[in-house]
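# Examination of the molecular architecture
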Amino acid sequence: MVKPLFRPFILLLICAVLPLMGEKQVGKLDWDSLEIELTALYGSRAGLRLRAWQKVLDEQHVTTDQDKLTRVNRFFNQLNFVDDISLWGHKDYWATPLEFLGANGGDCEDFSIAKYFSLLSLGIDESKMRITYVKALSLNQYHMVLAYYPTPQSVPLILDNINGKILTADKRKDLLPIYSFNGESLWLSKAKGQGKLAGKSSRLSSWNKLRERFNNSALRKPLFIP
């Protein structure tokens, strides 16, 4: 879960890094090399999970957005929820989709990020998706979900690891939206609508140095943020 203390920091971090990771981690993967590397680091079952993800991304008959949402949401929700301290020994670590698959687990950020990049790879327009911070009222914790907007004025569909059923936001009374973002923009959220545009994520140029800390392989060493 997302702790209130880390919310402003996390927001700046991911808005700066999302565009880079989207291009490098999902766009042109060398599946054979990644399977070898992932298996070496995490074991043979990690390689199987990678190939299962490849199948999700390569499925030709999945053509509608709804089918893509369902397939991706179901696939990643099979992985385990594990908090960052237990998994990475760090209070707040954002795993790439490959690290998430390798470890076979992660927290709510990792679920949402992996779904976001997978759907981008499947051709869903970035403007239709927002990674969204919410308050999970039933758990009294901050949380992250992925919101999908079929049209600019639609009530979004929510992809969540707590509730695996994809529902419109107005049917998720247990979630209170706070703010949302994608690789381009940042919004202050409203309960059912688009929210108020708060600027472009590209304005966060001071975080460009983070891009230099990524290389072509997300597997060589986890990126711990000081």
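Refer to the structure above for everything that follows.
Residues numbered from 1 in each chain as written. Predicted model: local features only at pLDDT ≥ 70, side-chain atom pairs only at ≥ 80, totals over all residues. Heavy atoms only, no water.

### Remarks on the pattern of salt bridges
- This model, assessed by the stated rule, comprises 6 salt bridges.
- Here Arg 51 makes a salt bridge to Asp 32, at a shortest N to O gap of 2.5 Å. Within this pair, whereas Arg 51 is found in helix α3 (residues 44–58), its partner Asp 32 is found in helix α2 (residues 31–42), the two being separated by 19 residues in sequence.
- Among the residues examined, Arg 51 registers a relative accessible area of 25% and is labelled partly exposed.
- Among the salt bridges present, the one from Arg 172 reaches Asp 160, with a minimum N-O distance of 2.9 Å. Taken together, the residues Arg 172 in the loop between β6 (167–168) and β7 (175–181) and Asp 160 in the loop between β5 (157–159) and β6 connect sequence positions 12 residues apart.
- Residue class for Arg 172 comes out buried when judged on its relative accessible area of 3%.
- Taking the relative accessible area as the measure of exposure, Asp 160 reaches 1% and is therefore buried.
- Among the charged side chains, a network of salt bridges with common partners joins Asp 32, Glu 35 and Arg 51. (Salt bridge = Lys/Arg side-chain N within 4 Å of Asp/Glu carboxyl O. Helix = DSSP H or I, 4+ residues; strand = E, 2+ residues; numbered from the N terminus. Buried < 20%, exposed > 50% of the residue type's maximum accessible area, 1.4 Å probe, protein only.)

### Details of the packing of aromatic side chains
- Applying the stated criterion to the full structure yields 7 aromatic pairs.
- Between Phe 100 and Phe 111, the ring centres sit 4.9 Å apart and the planes meet at 75 degrees, which makes this aromatic pair edge-to-face. Of this pair, Phe 100 sits in helix α6 (residues 97–103) while Phe 111 sits in helix α7 (residues 108–121), placing them 11 residues apart in sequence.
- When its relative accessible area of 0% is taken as the criterion, Phe 100 is described as buried.
- Relative accessible area serves as the criterion here: at 2%, Phe 111 is assigned to the buried category.
- Seen in terms of ring centroids, Tyr 116 and Phe 117 are 5.3 Å apart; in terms of plane orientation they differ by 75 degrees. Their pairing is edge-to-face.
- Members of the aromatic cluster, connected to one another through ring pairs, are Trp 31, Trp 53, Phe 75, Phe 76, Phe 100 and Phe 111.
- Above the face of the Tyr 149 ring, Arg 130 is positioned so that its terminal group lies 4.7 Å from the ring centre.
- One Lys or Arg, Lys 135, reaches over the ring of Tyr 142 and ends 5.3 Å from the middle of that ring. (Phe/Tyr/Trp six-rings, centres within 6.5 Å; stacked < 30°, edge-to-face > 60°. Lys NZ or Arg CZ within 6 Å of the ring centre and 35° of its normal.)

### Observations concerning the pairing of β7
- Of all the 7 residues making up β7, 5 are buried; the element is thus mostly covered by neighbouring parts of the structure.
- Sheet topology note: the strand β3 (residues 129–136)/β7 ladder contains 6 bridges and is antiparallel. From the neighbouring strand, Ile 131 faces β7, where its bridge partner is Phe 181. (Pairing = 2+ DSSP bridges.)

### Here's the deal with the pairing of strand β4 (residues 141–148)
- With 7 of 8 residues buried, β4 lies mostly within the body of the structure.
- With 8 bridges joining them, β3 and β4 adopt antiparallel strand pairing. The residue bridging Ile 131 from the neighbouring strand is Leu 146, located in β4.
- Connecting the antiparallel pair β3 and β4 is a turn made up of 4 residues, with Asn 140 showing a positive phi of about 55 degrees.
- Both β4 and β5 contribute to a ladder of 3 bridges, which runs antiparallel. What sits directly across from Leu 146, in β5, is Leu 159.

By themselves, these are just geometric observations and shouldn't be taken as functional.
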